[in-house]
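Read off the chains here:
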Amino acid sequence: AQSVSQHNHHVILSEAASLELGCNYSYGGTVNLFWYVQYPGQHLQLLLKYFSGDPLVKGIKGFEAEFIKSKFSFNLRKPSVQWSDTAEYFCAVSRSFSGGYQKVTFGTGTKLQVIP
Amino acid sequence: NAGVTQTPKFQVLKTGQSMTLQCAQDMNHNSMYWYRQDPGMGLRLIYYSASEGTTDKGEVPNGYNVSRLNKREFSLRLESAAPSQTSVYFCASSEAKDFPRWPQHFGDGTRLSIL
């Protein structure tokens, strides 16, 4: 079965520190990869996505993620975090099934707290 | 600039009561989704609708029914609520003209408590 692992459940950083959130998935075939963010009290928003091409993906708000196929990983990075980055981050993986449906599996999320 | 609108935002039910959660999107999207979010479990897909008139089960469909009333609206019904259905429910939509189909826009969620 397809699964997504986010090993860091809660990360605390000071402003200006660098961020890397881990995401690993279990499926060996062709996948699409996503990072979503949920700010406190808000709905999920898409940060970035990877379908094909350059494995280094740039997203909104200075975030980027690198797809490393050999490691089944899609880690999220940001060089310098801000207090406003405090949120919960979800990695998600999708793959195609018959009928065109992309089964999207979400990780359990990583709560990031940035201390001013 | 509404996007995906869910109603209600909060609801408390007693075990055995029924309820319908409403979702509407104004982006002319084809696909719509219902997820539940539980602590430590991420989001899990309950049902989805790839287009008007079609619905399919997701990972956790038991205890729920859905209706894709038209292109805009996708409702989720709990026929006989159980405490295990206490959760935050999110509706989402995606344009999904072609592959791939994945949730692009989410609503603000409905926080549902079953006593």
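Residues numbered from 1 in each chain as written. Chains lettered and ligands numbered in written order. Predicted model: local features only at pLDDT ≥ 70, side-chain atom pairs only at ≥ 80, totals over all residues. Heavy atoms only, no water.

K.L.:
An account of the packing of aromatic side chains is needed here, citing residue identities and associated values.
P.N.:
Residue and element names in this part refer to chain A. Scanning the model with the defined rule gives 13 aromatic pairs over all chains in all. For the ring pair Tyr25 and Phe72, a centre distance of 5.6 Å and an interplane angle of 75 degrees mean the geometry is edge-to-face. With Tyr25 in strand β4 (residues 24-25) and Phe72 in the loop between β8 (64-68) and β9 (73-78), this residue pair connects regions lying 47 residues apart in the sequence. Take Tyr25: its relative accessible area is 7%, and that puts it in the buried class. Geometrically, the ring pair formed by Phe63 and Tyr89 is tilted, given 5.6 Å between the ring centres and 45 degrees between the ring planes. Here Phe63 is found in the loop between β7 (56-58) and β8, whereas its partner Tyr89 is found in strand β10 (residues 87-96), with 26 residues between them in sequence. Residue class for Tyr89 comes out buried when judged on its relative accessible area of 0%. (Phe/Tyr/Trp six-rings, centres within 6.5 Å; stacked < 30°, edge-to-face > 60°. Helix = DSSP H or I, 4+ residues; strand = E, 2+ residues; numbered from the N terminus. Buried < 20%, exposed > 50% of the residue type's maximum accessible area, 1.4 Å probe, protein only.)

K.L.:
Talk me through the interface of chain A and chain B; I want residue IDs and the actual numbers.
P.N.:
A common way to express how large an interface is: the accessible area buried when the components associate. Across the contact, 19 residues belong to chain A and 19 residues belong to chain B. Those elements that place two or more of their residues in the side of chain A that touches chain B are β5 (32-38), β6 (44-50) and β11 (102-106) of chain A. In the side of chain A that touches chain B, the residues fall into nine nonpolar, eight polar and two charged. (Contact = heavy atoms within 4.5 Å. Nonpolar A, V, L, I, M, F, W, Y, C, P; charged D, E, K, R; others polar.)

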